[in-house]
Amino acid sequence: MEKKKDIFDFASTAALIYGFTITWLIIVCVLGGEMAVGYSSIFSLGRDGLSIATLLQFLLVSVLISLWKYLFFTDLIIKSATMVVRTFGMFSAVVLTISICVCVFGWFPVSEPLPWILFFVCFGISAAISTGLSSWKEKRENEKMEEALQKMKEKFAEKG
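About the thresholds
Residues numbered from 1 in each chain as written. Predicted model: local features only at pLDDT ≥ 70, side-chain atom pairs only at ≥ 80, totals over all residues. Heavy atoms only, no water. Helix = DSSP H or I, 4+ residues; strand = E, 2+ residues; numbered from the N terminus. Expected span 1.5 Å × (residues − 1). Buried < 20%, exposed > 50% of the residue type's maximum accessible area, 1.4 Å probe, protein only. Contact = heavy atoms within 4.5 Å. Phe/Tyr/Trp six-rings, centres within 6.5 Å; stacked < 30°, edge-to-face > 60°. Core = buried A, V, L, I, M, F, W, Y, C linked by side-chain atoms within 4.5 Å.

J.: Is there a simple way to explain helix 3 (residues 83-105) in this structure?
T.: Along an α-helix, residues three or four positions apart point the same way, because every turn accommodates 3.6 residues. Along its 23 residues, helix 3 runs 32 Å from first to last C-alpha, staying within 8% of the 33 Å computed at 1.5 Å per residue. Where helix 3 is concerned, the buried positions are R86, T87, G89, M90, A93, V94, V95, T97, I98, S99, C101 and V102. Tucked inside the fold, the buried residues of helix 3 contact helix 2 (52-73) and helix 4 (113-159). Backbone geometry just downstream of helix 3 places G106 in the positive-phi region, at approximately 65°.

Structural data, given as structure tokens:
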């Protein structure tokens, strides 16, 4: 039985996404921030760090991704859909969200293909890892539930 999601689940998901994202941005900033000055608003400070505006933008994106996860992976709106449909819907919503942010916040030049290619490669890798880990976690939980069910059946058989 799955526990009902609450605001703390939502906040912890947003915090996890934010922490992961900012960690990677820091690594990219240190390694190539100077090269991206003037090219991307994300790296406006070069190797010196990330601006408050960038940090707030990624906080917003983290909250929106958490919202998408909540909407697509609970029965709040989507009552019956396969995991594939839910996953595709969420990833589509995330790509749309990021695309809007690229345009609104000037994260990189919209008309240049290389940043988009890099974005989709990075997103694809992240999505594959995330989907794989989620599937593995769900499989492990199902195995544990199956083991518990078997133990209960054995106990009832012994008493009966």
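J.: Teacher, can you tell me more about the packing of aromatic side chains here?
T.: Describing an aromatic ring pair means giving the distance of the ring centres and the angle of the ring planes. Counted according to the given criterion, the structure contains 10 aromatic pairs. With centroids separated by 5.8 Å and ring planes inclined at 35°, the aromatic side chains of F119 and F123 adopt a geometry described as tilted. Of this pair, F119 and F123 both sit in helix 4, four residues apart, roughly one helical turn. Residue class for F119 comes out buried when judged on its relative accessible area of 14%. Each residue in the set F91, F108, W116, F119, F120 and F123 is aromatic and connected to the rest through ring pairs, giving one cluster.

J.: Just to check I follow, could you spell out the side chain of T97 for this structure?
T.: Tracing the chain through its elements places T97 in helix 3. The exposure class of T97 is buried, given its relative accessible area of 8%.

J.: Please clarify how the nonpolar core should be interpreted in this entry.
T.: Here is a general trend for soluble globular proteins: nonpolar side chains tend to be buried in one another's company. Grouped together as the largest cluster of nonpolar side chains are 24 residues, with contacts concentrated most on L25, I42, F43, L50, I98, W107 and F119. In terms of residue count, the dominant contributor to this core is helix 3 (seven residues). For L50, the contacting residues outside a window of four places in its chain are I22, L25, I26, C29, I42, F43, L45 and L55.

J.: Is there a simple way to explain the environment of I7 in this structure?
T.: Residue placement: I7 occurs in helix 1 (residues 7-36). Judged by relative accessible area, I7 falls into the exposed class, the value being 58%. Taking the C-alpha atoms as reference points, I7 and I78, separated by 71 residues in sequence, lie 19 Å from one another.

J.: What is the right way to read the environment of C29 from this model?
T.: Structurally, C29 can be placed in helix 1. For the pair C29 and I42, spaced 13 residues apart in sequence, the C-alpha to C-alpha distance is 8.8 Å.

Limitation: the analysis is restricted to geometry and does not speak to function.
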